[in-house]
Amino acid sequence: MALFSKKETNEVPQFETLPTHLGIIMDGNGRWAKKRGLPRSAGHKAGANVFRTISDECAALGIKYVTFYAFSTENWKRPKEEVDALMALFKDYLLEAKADMVKAGNNKIKFIGEREGISQELLKLMDEAEEETSSHTGTTVYLAVNYGGRQEIASAVNALIKEGKTEINENDISQKLYTYPECDLIIRPSGEQRLSNFLLWQAAYSEFWYSDVLWPDFSKKDLYRALKDFENRNRRFGA
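The paragraphs below set out a description of the structure included in this document.

The rules we used
- The numbering scheme is per chain: residues are counted from 1 as the chain's sequence reads.
- Local features in this predicted model are restricted to residues of pLDDT 70 or higher, and side-chain atom pairs are both shown and tallied only at a pLDDT of 80 or more, whereas totals for entire chains, interfaces and linings draw on every residue.
- In computing side-chain properties, one takes all heavy atoms of the structure into account and sets aside hydrogens as well as water.
- Helix and strand assignments come from DSSP, with helices taken as H or I runs of at least 4 residues and strands as E runs of at least 2, each series counted from the N terminus.
- Our radius of gyration is a C-alpha quantity, and the globule rule it is checked against amounts to 2.2 Å times the number of residues to the power 0.38.
- Remark: exposure states derive from per-residue accessible area (1.4 Å probe, protein chains only) relative to the maximum for the residue type, with buried under 20%, exposed over 50%, and partly exposed in between.
- Should any heavy atoms of two residues lie within 4.5 Å, those residues are considered in contact.
- All accessibility values rest on the Shrake-Rupley procedure with a 1.4 Å probe; residue burial counts only the protein chains present in the view.
- In this charge count, Lys and Arg are treated as positive and Asp and Glu as negative; neither His nor the chain ends contribute.
- Taken as the charge centre is NZ of Lys, CZ of Arg, CG of Asp or CD of Glu, depending on the residue.
- Each residue after the first adds 1.5 Å to the expected span of a helix.
- In this analysis an axis means a line fitted to C-alpha atoms, helices contributing only their contacting stretch, and an angle means the value between N-to-C directions, from 0 to 180 degrees.
- For classification purposes, angles smaller than 35 degrees are called roughly parallel, those larger than 145 roughly antiparallel, those between 65 and 115 roughly perpendicular, and all remaining angles oblique.
- By the definition used in this description, the sense in which the near helix is turned from the far one sets the handedness, with an anticlockwise turn below a right angle giving left-handed and a clockwise turn giving right-handed.
- DSSP-based pairing: two strands are paired if at least 2 bridges between them are found.
- The rule is short: rings of Phe, Tyr and Trp, with Trp giving its six-membered ring, pair when the centres are within 6.5 Å, and they are stacked under 30 degrees, edge-to-face over 60, tilted in between.
- When a carboxyl oxygen of Asp or Glu is within 4 Å of a side-chain nitrogen of Lys or Arg, the pair counts as a salt bridge.

With that settled, the discussion passes to the overall build of the protein chain. Helix and strand counts for the protein chain come out as seven helices and six strands. Its helices and strands taken in sequence order, the protein chain reads β-α-α-β-α-β-α-β-α-α-β-β-α from the N to the C terminus. In terms of overall dimensions, the protein chain is globule-like: its C-alpha atoms have a radius of gyration of 18 Å, near the 18 Å expected for 239 residues. Each principal axis of the C-alpha atoms in the protein chain carries an extent, and together these give about 55 × 45 × 35 Å. Evaluated residue by residue, the protein chain yields a buried proportion of 49% over its 239 residues. Here the analysis covers contacts within the protein chain between residues at least 6 apart in sequence; of these, 77% occur between residues at least 24 apart. Just so you have it, the protein chain exposes about 12,400 Å², and 48% of that area is on carbon and sulfur atoms. Within the protein chain, the 35 negative side-chain charges are centred at a point lying 3 Å from the centre of the 33 positive side-chain charges.

Dropping the structure here:
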């Protein structure tokens, strides 16, 4: 399956307003598998397929930046079997991305989060995927792996201190974060209504959209519903 397959024009809905930066918390894989009497790894595999579909559709719609929350710093606390399955899926994705890079069009892949704890094999594949799409100017797909919002802010502040900054303002921190710009809309399926340490700084003025649909069942129609709802929001940015 192509990671960034092109869609026919007549298949793409028309939107007057789209988020510049969309954040998606891919939640509900484990519950999806449990409901079907399957191992949690089966839910993660199904969720990975949905990630490909939705990332493709975001690119087709022309959304400039999309950040997917794939693996948090807290996820290392899960059973080793589940973590190993997630890392194996991540490797499969990277191998597919590498093989499919010619078809990836003008989209850019970037990985955000801490590198510590991730195998050298995966880090090498991540670096290669980023390098091979670094000159692309289309949709930037951020994949948050070993990521935590608090850790990201602390990392930004520490980087500024190392540069000799003695006074730090909001713009300084914004410039050192993993993603840019601030997030306009955050989608969280599965019925949960919390950020879970995702894009804490970037979400200061985000709109939120929740759904009871578990991530492996999340479809393009659900994406369209979220985007239409966003289009009708009256954003006030704290005013």
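Turning to helix H5 (residues 149-162), a few remarks are in order. In this model, H5 (14 residues) spans 20 Å end to end at C-alpha, consistent with the 20 Å of a helix rising 1.5 Å per residue. Every buried residue of H5 is listed here: Gly 149, Gln 151, Glu 152, Ala 156 and Leu 160. Here the buried face of H5 lies against strand S4 (140-147) and helix H6 (170-176). Trailing H5 by a residue or two, Gly 164 shows a phi angle of about 95°, which is positive.

What describes two packed helices is the angle between their axes and the distance between those same axes. At a minimum axis separation of 10 Å, helix H2 (residues 40-61) and helix H7 (residues 220-231) run at an interaxial angle of 45°. In terms of orientation, H2 lies oblique with respect to H7. Classified by chirality, the crossing of H7 by H2 is right-handed. Contact with H2, carried on its side by Thr 53, Ile 54, Glu 57, Cys 58 and Leu 61, involves Lys 220, Leu 223, Tyr 224 and Leu 227 of H7 and no other residues of that element.

Look at any regular strand and the pattern is simple: side chains alternate between the two faces of the sheet. Within strand S2 (residues 65-72), seven of the eight residues are buried, which leaves the element mostly enclosed by the surrounding structure. Two strands pair when backbone bridges link them, and S2 and S4 are joined in this way by seven bridges, in the parallel orientation. Considered in S4, the bridge of Tyr 69 is made with Ala 144.

In this section: the packing of aromatic side chains. Applying the stated criterion to the full structure yields 12 aromatic pairs. Between Phe 71 and Trp 76, the ring centres sit 4.9 Å apart and the planes meet at 80°, which makes this aromatic pair edge-to-face. The exposure class of Phe 71 is buried, given its relative accessible area of 3%. With 6.2 Å between their ring centres and 10° between their planes, Phe 208 and Tyr 210 make a pair best called stacked. Ring pairs connect the aromatic residues Tyr 69, Tyr 147, Tyr 178 and Phe 198, which therefore count as one cluster.

We now examine the sheet that holds S4. Taken in spatial order, the six strands make up an open sheet running S3-S4-S2-S1-S5-S6, and their pairing is parallel. Lying at the two open borders of the sheet, with one neighbouring strand each, are strand S3 (108-112) and strand S6 (207-210). This sheet shows a mean twist of 20° between the axes of neighbouring strands, independent of strand direction. Each of strand S1 (21-25), S2 and S4 is contacted by H2, which is oriented at about 160° to S2, the strand it contacts most.

Turning our attention to the pattern of salt bridges. Applying the stated rule across the entire model yields 20 salt bridges. The partner of Lys 124 in a salt bridge is Glu 128, with the nearest N and O atoms 2.5 Å apart. Of this pair, Lys 124 and Glu 128 both sit in helix H4 (residues 120-133), separated by four residues, roughly a single helical turn. The buried category is assigned to Glu 128, whose relative accessible area is 18%. Note that Glu 231 is salt-bridged to Lys 228, the shortest N-O span being 3.2 Å.

Relative to the assigned elements, Arg 150 resides in helix H5. Judged by relative accessible area, which is 67%, Arg 150 ranks as exposed. Taking C-alpha positions, Arg 150 is 21 Å from Tyr 65, a pair spaced 85 residues apart along the chain. Setting aside chain neighbours within four positions, we find Arg 150 in contact with Asn 197 and Leu 200.

Take it as geometry only, folks, not as evidence of what the structure does.
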